[in-house]
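This is what each chain is made of:
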Amino acid sequence: MSRPTCFPDGFLWGAATSAYQIEGSPLADGAGPSDWHEFSHRPGAIADGTNGDLVCDHYRRFEDDVGLMKELGLNAYRFSVSWSRVLPEGRGRVNGRGLEFYQRLIDRLRERDIQPHVTLFHWDLPLALARRGGWAWRDCAGWFADYAQHMFRALGDRVPFWATLNEPWVVVDAGYVSGSHPPGRIAPRDAPHVAHNLLRGHALAVQAFRAAPHAGQIGLVVNLEPKHPASSSPEDVHAAARASAYMNELFLDPVLRGRYSERLPQIVGGDWPEFSEEDLRLIAEPVDFIGVNYYSRSVTRHDPGRPPACASAVRQAGAEHTAMGWEVFPRGLTEILCWVTSRYGRRPIHITENGAAFEDPPPEGGSVDDPRRVAYYHRHLRAALEALAAGVDLRGYFAWSFLDNFEWSHGTSKRFGLVHVDYATQRRTLKRSASFYRDVIASRGAALCGDGIRGGRAVPSSVLQAP
Ligand code: GCO
């Protein structure tokens, strides 16, 4: 197969955000609180004591932010809807003013030829539903589908791409295994039920989408990472396989193969619940694309002290790590996209998140010098090209993130943005990585080929432009 040196026509060049991480004004205009609003105000829950009350103030500055997206040349923007802005109690009464915010945002995007890629659930659950048991409760799936239906009715005519859930694995693992996200419980016995109800909610929403004539596409967004054994010992090899089943197969197997991974029972000590055939048929409702969030790989060793997979990650001495402590491992992106294609068949994939937090210097001279992020994007976009060359049906790439934002339990201490945000003044400054990405987009990827970066600095766009 000939090696593509640029991305296909119609490729989605995007950046991503999520509602609670950027919007601010979480209770404005009749919105109800979300579980993240409640959680981030618990003393000690967020490492730096920040919360989502203001963050990027995107709720009030979205028009300017859309202008910046245009400057970068994005043709797509992935964001999420805050469920409790639209349905303050999570179900029942619709808050028209909350809905209007998303209508206006989408209208602005469309005026600028930026395609909206809308995620319905990026972790912020209406508090009223969390108090009824949230995703651990079977009814939550139906509440989610009702909310999804409101959104399809209101916006279905102008949204080409919908994602039901973002990273359901994190909802399960951080919410119910480690307890670092809401509900902040260590309740491993609930975890399979939470996973199952998320999947049922996803599928019911897809059914609701199919029930009305919509031109758009709908998919699911998962976080994936290759799990490489730390040694060739059978213990570590098995640990890596378990960790991969737990993270990579838990959601994709039931959606795309109609059953849970055969390795799951070993992971939860033989205790994987018997879910009904009817549920499994529902969950396998076909989707139009898979969204893959990729940040790193994990080098894995056997660790009985770390249930449920009894595996833990080993830090690679000598490797480059981001400010999150994640190894920079671009080849893993090619590997995981090829793995999805070989395990589940060739199907449309969007890279719905990829990016890195680094400790950036402050803005100077109207820019922020972030050579390590430039190099990160450069190498990962090359890895995406490799995946295309290997036959992966890759349709889009979304940088995480458009803006510096509220990085969940880390608060605003970790900066992932292409655009620097000064939280005190709300001033936005394009980082060099943003200029680099703009040049890549303008050349449809040709800027990546050859020596796109030198010494960690982006070369001027005139040099990068393809002839
Ligand atoms: C994620 C989330 C983002 C995070 C990002 C960096 O999907 O994990 O979608 O909200 O901020 O991944 O950790």
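The rules behind the values
- Residues numbered from 1 in each chain as written.
- Predicted model: local features only at pLDDT ≥ 70, side-chain atom pairs only at ≥ 80, totals over all residues.
- Heavy atoms only, no water.
- Helix = DSSP H or I, 4+ residues; strand = E, 2+ residues; numbered from the N terminus.
- Rg over C-alpha atoms; globule rule 2.2 N^0.38 Å.
- Buried < 20%, exposed > 50% of the residue type's maximum accessible area, 1.4 Å probe, protein only.
- Contact = heavy atoms within 4.5 Å.
- Areas by Shrake-Rupley, 256 points an atom, 1.4 Å probe, with all protein chains shown as cover.
- Lys, Arg positive; Asp, Glu negative; His and termini not counted.
- Charge placed at Lys NZ, Arg CZ, Asp CG, Glu CD.
- Salt bridge = Lys/Arg side-chain N within 4 Å of Asp/Glu carboxyl O.
- Phe/Tyr/Trp six-rings, centres within 6.5 Å; stacked < 30°, edge-to-face > 60°.
- Near = heavy atom within 4 Å.
- Polar contact = N/O pair within 3.5 Å; in protein donor to acceptor, adjacent residues only side chain to side chain.
- Nonpolar A, V, L, I, M, F, W, Y, C, P; charged D, E, K, R; others polar.
- Expected span 1.5 Å × (residues − 1).
- Core = buried A, V, L, I, M, F, W, Y, C linked by side-chain atoms within 4.5 Å.

**Student:** How would you sum up the overall build of the chain? Please name residues and give values.
**Tutor:** When you go through the chain residue by residue, the secondary structure sums to 17 helices and 15 strands. Rg of the C-alpha trace for the chain: 21 Å, near the compact-globule value of 23 Å for 467 residues, within the 12% margin. Projecting the C-alpha coordinates of the chain onto the three principal axes gives extents of approximately 60 × 60 × 45 Å. For the chain, the proportion of its 467 residues judged to be buried stands at 60%. Within the chain, residue pairs in contact and separated by at least 24 positions form 76% of the contacts whose partners lie at least 6 positions apart. Accessible surface computed for the chain: about 17,600 Å², of which carbon and sulfur atoms make up 49%. In the chain, 52 side chains carry a positive charge and 54 a negative one; their mean positions are 2 Å apart.

**Student:** Residue-level account of the pattern of salt bridges, with values.
**Tutor:** Pairing between side chains of opposite charge can happen when the charged atoms of each approach one another. Within this structure, the stated rule accounts for 31 salt bridges. The partner of R42 in a salt bridge is E38, and the shortest N-O contact between them spans 3.1 Å. Of the charged contacts, one joins K227 and E225 as a salt bridge, the two residues approaching to 2.8 Å between their closest N and O atoms. Accessibility expressed as a relative area gives 18% for E225, which makes it buried. Shared partners join several salt bridges into a network, and the residues in it are D360, D370, R373, D404, R415 and K431.

**Student:** Can you tell me about the packing of aromatic side chains, naming the residues and giving the values?
**Tutor:** Following the criterion strictly, the structure yields 36 aromatic pairs and no others. With a centroid separation of 5.5 Å and 85 degrees between ring planes, the pair formed by Y20 and F406 is classed as edge-to-face. Within this pair, whereas Y20 is found in helix 1 (residues 19-22), its partner F406 is found in the loop between strand 11 (394-400) and strand 12 (419-421), the two being separated by 386 residues in sequence. Judged by its relative accessible area of 0%, F406 is buried. Measuring from ring centre to ring centre gives 4.7 Å for W123 and W408, while their planes differ by 40 degrees; the resulting arrangement is tilted. Of this pair, W123 sits in the loop between strand 3 (115-121) and helix 6 (127-130) while W408 sits in the loop between strand 11 and strand 12, and the two are 285 residues apart along the sequence.

**Student:** Please provide a residue-by-residue account of the site of the ligand, values included.
**Tutor:** Among the 13 residues in the neighbourhood of the ligand, the closest are listed as Q21, H122, E167, E353 and E407. Residue N166 places a side-chain N or O atom 3.1 Å away from an oxygen atom belonging to the ligand. Here an oxygen atom of the ligand sits 2.5 Å away from a polar atom, N or O, in the side chain of E167. Protein chains shield 95% of the accessible area of the ligand, which is 310 Å² for the free molecule. Considered class by class, the residues forming the shell around the ligand number 6 nonpolar, 4 polar and 3 charged.

**Student:** Tell me what's going on with helix 10 (residues 234-249), and back it up with residues and numbers.
**Tutor:** Given a rise of 1.5 Å per residue, 16 residues ought to cover 22 Å, and the 21 Å separating the end C-alpha atoms of helix 10 matches this to within 8%. For helix 10, every residue scored as buried is listed here: D236, A239, A240, R242, A243, S244, A245, Y246, M247, N248 and E249.

**Student:** Which residues make up the nonpolar core, and what are the values?
**Tutor:** Grouped together as the largest cluster of nonpolar side chains are 132 residues, with contacts concentrated most on W83, W135 and W162. Core analysis: the second largest hydrophobic core is formed by 15 residues, A16, A76, F161 and F358 among them.

**Student:** Tell me about the environment of D370, and name the residues and values.
**Tutor:** Residue placement: D370 occurs in the loop between strand 10 (349-354) and helix 15 (371-389). Between the C-alpha atoms of D370 and L418, which are 48 residues apart in sequence, the distance is 9.3 Å. When near neighbours in sequence (up to four residues on either side) are disregarded, D370 contacts D360, K431, R432 and S433.

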